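# A look at the structure
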Amino acid sequence: MLKGIIPMTYCFFNKNNSIDISAMRDQISLIKKLGSNGIACLGLATEVNKLNFLEKKKIIELVADISNNTIPIIITIYGKNIKEYKKLIEVAQYFDASWIVFQPMLKKHTTNKDCYDFFKKIIGLVDKKNLVGIQNAKEYIGVGLESSQIIDLYNKFVNFRAIKSEASATLIQTEILKYPKNLKVFNGRGGQEIVDNFLAGCSGIIPTLDGADKFLKIYKLMEKNKIDEARHIYKKILPSIVFSMQSINSLICYGKRICAYRMGIKKVYDRSPIIPPTDFGINLAKYHAKNLGKF
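Report follows, based on the coordinates.

### Section: the packing of helix α1 (residues 21-33) against helix α2 (residues 53-67)
A pair of packed helices is captured by two measures, namely the crossing angle of their axes and the spacing between those axes. The N-to-C vectors of α1 and α2 enclose an angle of 45 degrees; their axes lie 10 Å apart at closest approach. On the basis of their axis angle, the class for α1 and α2 is oblique. The two elements α1 and α2 cross, and the hand of that crossing is right-handed. Note on element contacts: α2 touches α1 through Lys58, Ile59, Leu62, Val63, Asp65, Ile66 and Ser67, opposite Ile21, Met24, Arg25, Ile28, Ser29 and Lys32.

### What about the layout of surface pockets?
Looking at the largest pocket, its volume works out to about 300 Å³. At the level of secondary structure, the elements contributing two or more residues to the lining of the largest pocket comprise α5 (138-141) and α11 (248-263). For the lining of the largest pocket, the element with the highest residue contribution is α11, accounting for 3 residues. A class-by-class count of the residues in the lining of the largest pocket yields 11 nonpolar, 4 polar and 1 charged. A volume near 230 Å³ is recorded for the second largest pocket. In terms of lining, the second largest pocket is formed by Gln173, Ile176, Leu177, Tyr179, Pro180, Lys181, Leu183, Lys184, Val185, Ala200, Gly201 and Ser203. Elements represented by at least two residues in the lining of the second largest pocket include exactly α7 (169-178) and β7 (184-187). It is α7 that contributes the most residues to the lining of the second largest pocket, 3 residues altogether. Class assignment for the residues of the lining of the second largest pocket results in 7 nonpolar, 3 polar and 2 charged.

### What about the pattern of salt bridges?
Inspection of the entire model under this criterion finds 14 salt bridges. A salt bridge links lysine 56 to glutamate 84; the shortest N-O distance between them is 2.5 Å. Separated by 28 residues along the polypeptide, lysine 56 in helix α2 and glutamate 84 in helix α3 (residues 82-94) bring together distant segments of the chain. Its relative accessible area of 0% is what places lysine 56 among the buried residues. Classification of glutamate 84 as buried rests on a relative accessible area of 9%. A network of salt bridges, in which partner residues are shared, links Glu47, Lys50 and Lys256.

### What to know about helix α4 (residues 112-123)
Here α4 is 12 residues long and its end C-alpha atoms lie 16 Å apart, about the 16 Å a rise of 1.5 Å per residue gives. All of the buried residues along α4 are Cys115, Tyr116, Phe118, Phe119, Ile122 and Ile123. Take α4 and look down its axis: the buried residues cluster within an arc of 165 degrees, on one side only. Across α4 from its buried face, at more than 90 degrees, point the exposed residues Lys113 and Lys121. Against α3, β4 (99-102), β5 (132-136), α6 (147-156) and β6 (160-165) lie the buried residues of α4.

### Description of helix α9 (residues 212-223)
With 12 residues, α9 extends 16 Å between its outermost C-alpha atoms, agreeing within 8% with the 16 Å of an ideal straight helix rising 1.5 Å per residue. Judged by how many residues are buried, α9 sits mostly within the fold: 9 of 12 residues are covered. Within α9, the full set of buried residues consists of Ala212, Asp213, Lys214, Phe215, Leu216, Ile218, Tyr219, Leu221 and Met222. Those residues of α9 hidden inside the fold are in contact with β1 (4-5), α8 (194-200), α10 (227-244), α11 and α12 (279-292). Looking at the residues trailing α9, positive phi occurs at asparagine 225, about 65 degrees.

Reading the values: the criteria
- Residues numbered from 1 in each chain as written.
- Predicted model: local features only at pLDDT ≥ 70, side-chain atom pairs only at ≥ 80, totals over all residues.
- Heavy atoms only, no water.
- Axes fitted to C-alpha atoms, helices over the stretch in contact; angles between N-to-C directions.
- Helix = DSSP H or I, 4+ residues; strand = E, 2+ residues; numbered from the N terminus.
- Parallel < 35°, antiparallel > 145°, perpendicular 65-115°, else oblique.
- Left-handed = near helix turned anticlockwise from the far one by under 90°.
- Contact = heavy atoms within 4.5 Å.
- 1 Å grid on protein atoms, 1.4 Å probe; cavity = no way out; pocket = protein on both sides within 12 Å on 5 of 7 lines; lining within 4 Å.
- Points joined across faces, edges and corners; volume = space filled by probe spheres on them.
- Nonpolar A, V, L, I, M, F, W, Y, C, P; charged D, E, K, R; others polar.
- Salt bridge = Lys/Arg side-chain N within 4 Å of Asp/Glu carboxyl O.
- Buried < 20%, exposed > 50% of the residue type's maximum accessible area, 1.4 Å probe, protein only.
- Expected span 1.5 Å × (residues − 1).
- Arc of directions from axis to C-beta.

This is how it looks when you write it as structure tokens:
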């Protein structure tokens, strides 16, 4: 069963706005080298809403090729229409994804019920042997599922057994208490409250790479019930988490730069739309990268 620290890839771009394949390879290789419990791609931090189908497919291929069946692959699927969702499901199944996570297809005035109806339709398109999950990120995108709707999906589909959430530790703990024990909950939010998330019952965290090495240390300490030591590491890295996680746009702008600087990448190019980086913000990103140290 999936558990632990599963970093989500950023998407690095070239100056000409194409995907930087070399930087992506280095990032994926580093996630594997760190001893991560898995690797995730095409989430909000991967700027999936800015990628076309061929770019999404290429990232999945890179992850599958470099991971080489040595660590679990988690593929988040977001498409512009049902046809693209179906094509991405086929790609994910071809590369034997360990877990396929669906983001809702958002339109103007999308409601919680719209999300539920969409998930019910799309989960049914996946082979029952493939583990399926949903991204329930009401705090970030404004809509999502209620716990009763999640339990209903659990009862309807034997392969729906995991959730990627974006919630506070206190909120997620109350949700976990409502779920069957084999419905696994992962949290994101850049590793905020990571210690409390594990105490609340989360099976794992899906952060971005910039602090993943520190999160892996925390997770290993939590496995040994060394909670005070885990909190000590968390306190040291918390300023960088707070700096990056003001919003998803902030994470994409500055969190990616912290990651890049720690990797030794000196120049980061952005694909619009994005909040424009300021000199002040870039200097802060460099400060936090230096504080975290090289990978």
